[in-house]
There are 2 protein chains.
Amino acid sequence: MTDLASLIDLIGAPSAVAADEARARQGILTKPTGALGRLEELSIWVCSVQGACPPRVFARPRVVIFAGDHGVARTAQTSAYPPEVTAQMVLNFVHGGAAVNVLARQAGASVRVVDVSVDADPDYALSIAPEVVADRIRRGSGSIDREDAMTRAETEAAFALGRRIADEEIDSGADLLIPGDMGIGNTTPAAALIGLLANADAATVTGKGTGIDDTTWMRKCAAVRDAMRRGSEHKGDPLALLTAIGSPDFAAATGFLLQSAARGVPVILDGTISSACALVADRISYRAKAWWLAGHRSTEPAQSIALDRLDLVPVVDYGMRLGEGTGALLALQIVQSATATLREMATFGEAGVSDRDA
Amino acid sequence: MTDLASLIDLIGAPSAVAADEARARQGILTKPTGALGRLEELSIWVCSVQGACPPRVFARPRVVIFAGDHGVARTAQTSAYPPEVTAQMVLNFVHGGAAVNVLARQAGASVRVVDVSVDADPDYALSIAPEVVADRIRRGSGSIDREDAMTRAETEAAFALGRRIADEEIDSGADLLIPGDMGIGNTTPAAALIGLLANADAATVTGKGTGIDDTTWMRKCAAVRDAMRRGSEHKGDPLALLTAIGSPDFAAATGFLLQSAARGVPVILDGTISSACALVADRISYRAKAWWLAGHRSTEPAQSIALDRLDLVPVVDYGMRLGEGTGALLALQIVQSATATLREMATFGEAGVSDRDA
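Residues numbered from 1 in each chain as written. Chains lettered and ligands numbered in written order. Predicted model: local features only at pLDDT ≥ 70, side-chain atom pairs only at ≥ 80, totals over all residues. Heavy atoms only, no water.

## Let's talk about the overall build of chain A
Helix and strand content of chain A: 18 helices and seven strands. Looking at chain A residue by residue over its 358 residues, the buried ones come to 66%. For chain A, the computed accessible surface area is about 11,600 Å², with 50% contributed by carbon and sulfur atoms. A distance of 2 Å separates the average location of the 33 positive side-chain charges in chain A from that of its 43 negative side-chain charges. (Helix = DSSP H or I, 4+ residues; strand = E, 2+ residues; numbered from the N terminus. Buried < 20%, exposed > 50% of the residue type's maximum accessible area, 1.4 Å probe, protein only. Areas by Shrake-Rupley, 256 points an atom, 1.4 Å probe, with all protein chains shown as cover. Lys, Arg positive; Asp, Glu negative; His and termini not counted. Charge placed at Lys NZ, Arg CZ, Asp CG, Glu CD.)

Written out as structure tokens, the structure is:
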């Protein structure tokens, strides 16, 4: 049985002292105060989560992709792509050929992929990357428009797995974490969770996902509506909600987000899936989101609704809708730049530059 | 006498063939078509200006800061900072302590600073970095609310200097250029130029610069209005306009922008000053802007007006107002990421991933 109370107790607030020091330091760097705009805010947040000023440029940012299939994609055909793509993309991640791999290299991050609930025989990965399938919770998930995604025991196991993975990564030196996602059909449970928790209706939260046509959108919308109806009685119990209309990969990402906060390690959220999980996690601990930054604004309407609910403002907005962690990795580059300015810029005194009051 | 006709003849169009190849390649990479949003558009632009697909990640991006003082800052007191800061900041750039230096290191770019018209005895730099002051056109500029910024001969010399610097950098291997700026008071001529060329009134284009108070803003607004009145008769002659209400550093940046286009080397524009110069350069050659990308949206109202006029959409929008090249350097990281995805991602065929039509 998951001990949520103990987990909640572990989640503290980022350092207000370090944030104040950062604000003061921004005022003596060789530029007009405020001239770096949002970069200054980001640098202050980095100091608060690192508990130090000047801040350190993140040395080991790490993406963990939680992969899983979704029964609803097969039964209600809510996606433009066949479910086989999930396992194929897991191998693409392992081989370094996906967008997330390229953007991680650009941002100086590394990528781990975990098959939480892919609907494929584990053989697909055993000879290539056995560690990827070593922790699988179950094969696929129930079709949430008509049945539970999984059992309560599976939810708790997946949640614990996400927490354990956060611990493993942090113990190995990760100083910033990004939850990535892969799963054909995964915007359907995300939309249902966000719709329920943000009190938005199914048509408002249902988007085009990877690029579906209008007929598929109507089917998806009906599935989201049915799932929301099934989930409504569990709004007050986040783990029961994940059991009913979530999925194992979502439960793992939710545990990952909360454990990162408990360990005091910052997270950059990615798109629709990590925003949905953040909204669920926020119901468990309202203090956790201080450790999270919204990486990007996706084209999925549900994601913007979730970010509004969390009062998080995305760092980039490029009309992206890929998931995997890609949006967060672009934001990471901006965060690193913001951090570097606060750390490396000369002060007025050091550079012999006259301040406006001189 | 500047031979603009020959320069205009040298400016061609980026490669439509490479752009088409890039569009086609985006369609076979392991992601839904369009899922990388603006990154896909940026990668297509990069292919068009490189004339190649797949594109190369830029190997030697280079910032050139054109520094100059503005007589109007002293006579009309339009800035929050004393003019001495311009020379002090030039030395800060040389020593690597300014925001542009930090962001250039983050983006893998290098920085050169050129004193085009700083209002200080050249001694300030002679013992530290004599090359910085070797090409100075004049000391400061005329107060454009009441007199010409410089003589026509000085305008032509500064314009030629900017072209020569572009040639030097490109001949030394620069494959992407960023025009930076430094000059207390420089948003005053920028506002006047943009106001005139975009048909906007002085109050609309006059912003808060480095952070002036309301009284200073009213003085600045009057100076911009007077400068616009003085410049209005030269709207049809860009070099005469720069002579009347520009400055040597603006003339140099304008020549730099056009020569880069003539050499087929892409440029990322920065903030208000490079946008003003781009608007002037666009009057000389309407084909040049195909080689330019708008790096960021500044808080200065004139800059957004200039970008609208040029039909350029900025890559980042962080409420920045520092200049130097800082906004363009953030955009550069996004451009490099976009380029890397198109270059390095696996195709559906290579990765054995099913496409939606499979």
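## Quick notes on the nonpolar core
Core analysis: the biggest nonpolar cluster contains 273 residues, and Y124 and L329 of chain A together with Y124 and L329 of chain B have the highest contact counts within it. Contact partners of L329 of chain A, with chain neighbours within four places excluded, come to V63, V100, L103, A104, A107, A109 and I178 of chain A. (Core = buried A, V, L, I, M, F, W, Y, C linked by side-chain atoms within 4.5 Å. Contact = heavy atoms within 4.5 Å.)

## A few points about the packing of aromatic side chains
Residue and element names in this part refer to chain A. Counting across every chain of the model gives two aromatic pairs over all chains. Each ring, one from F66 and one from F256, has its centre 5.1 Å from the other, and the planes form 70°; the classification is edge-to-face. With F66 in strand β1 (residues 61-68) and F256 in helix α14 (residues 248-263), this pair connects stretches of sequence that are 190 residues apart. Grouping residues by exposure puts F66 and F256 together as buried. (Phe/Tyr/Trp six-rings, centres within 6.5 Å; stacked < 30°, edge-to-face > 60°.)

## Observations concerning the side chain of N186 of chain A
Residues and elements named next belong to chain A. Along the chain, N186 turns up in the loop between β3 (176-182) and α10 (187-197). Relative accessible area serves as the criterion here: at 7%, N186 is assigned to the buried category. Other than its neighbours up to four places away in sequence, N186 contacts H70, D181, F250 and I273.

## Observations concerning the pairing of strand β7 (residues 316-320) of chain A
Residues and elements named next belong to chain A. Only one face of β7 is buried, namely the one carrying V316, Y318 and M320, since none of D317 and G319 on the opposite face is buried. Relative to β7, strand β6 (residues 296-298) is paired through two bridges, and the arrangement is parallel. Paired with S298 across the two strands is M320, which belongs to β7. (Pairing = 2+ DSSP bridges.)

## With respect to the relation of the copies chain A and chain B
Once turned by 180° and shifted 0.0 Å along the axis, chain A lies on chain B with an RMSD of 0.0 Å. Given the turn and translation reported, the copies of this chain are related as if by a two-fold rotation axis. When the interface residues of chain A are mapped onto chain B, 98% of them again fall at the interface, so both copies present the same face. (Least-squares fit on C-alpha atoms with pLDDT ≥ 70 in both.)

## Considering the domain arrangement of chain A
The accessible area lost on association of the parts is a frequent measure of interface size. Residues and elements named next belong to chain A. When its domains are assigned, chain A resolves into domain 1 (4-55 + 343-351) and domain 2 (61-335). For domain 1 versus domain 2, the separation of C-alpha centres amounts to 29 Å. On the domain 2 side, the residues contacting the 14 residues of domain 1 number 23 residues. When residues of domain 1 are sorted by the area they lose upon contact with domain 2, L7, I11 and W45 head the list and together hold 38% of the total. Our count for the contact surface shared by domain 1 and domain 2 stands at zero salt bridges. Between domain 1 and domain 2 we count five residue pairs in polar contact (both at pLDDT 80 or more) in total. Elements supplying a minimum of two residues to the side of domain 1 that touches domain 2: α1 (4-10) and α3 (38-50). With six residues, the single largest contributor to the side of domain 1 that touches domain 2 is α3. A per-class count over the side of domain 1 that touches domain 2 returns 12 nonpolar, one polar and one charged. (Domains from an automatic or database assignment. Buried area = accessible area lost by both parts, 1.4 Å probe. Salt bridge = Lys/Arg side-chain N within 4 Å of Asp/Glu carboxyl O. Polar contact = N/O pair within 3.5 Å; in protein donor to acceptor, adjacent residues only side chain to side chain. Nonpolar A, V, L, I, M, F, W, Y, C, P; charged D, E, K, R; others polar.)

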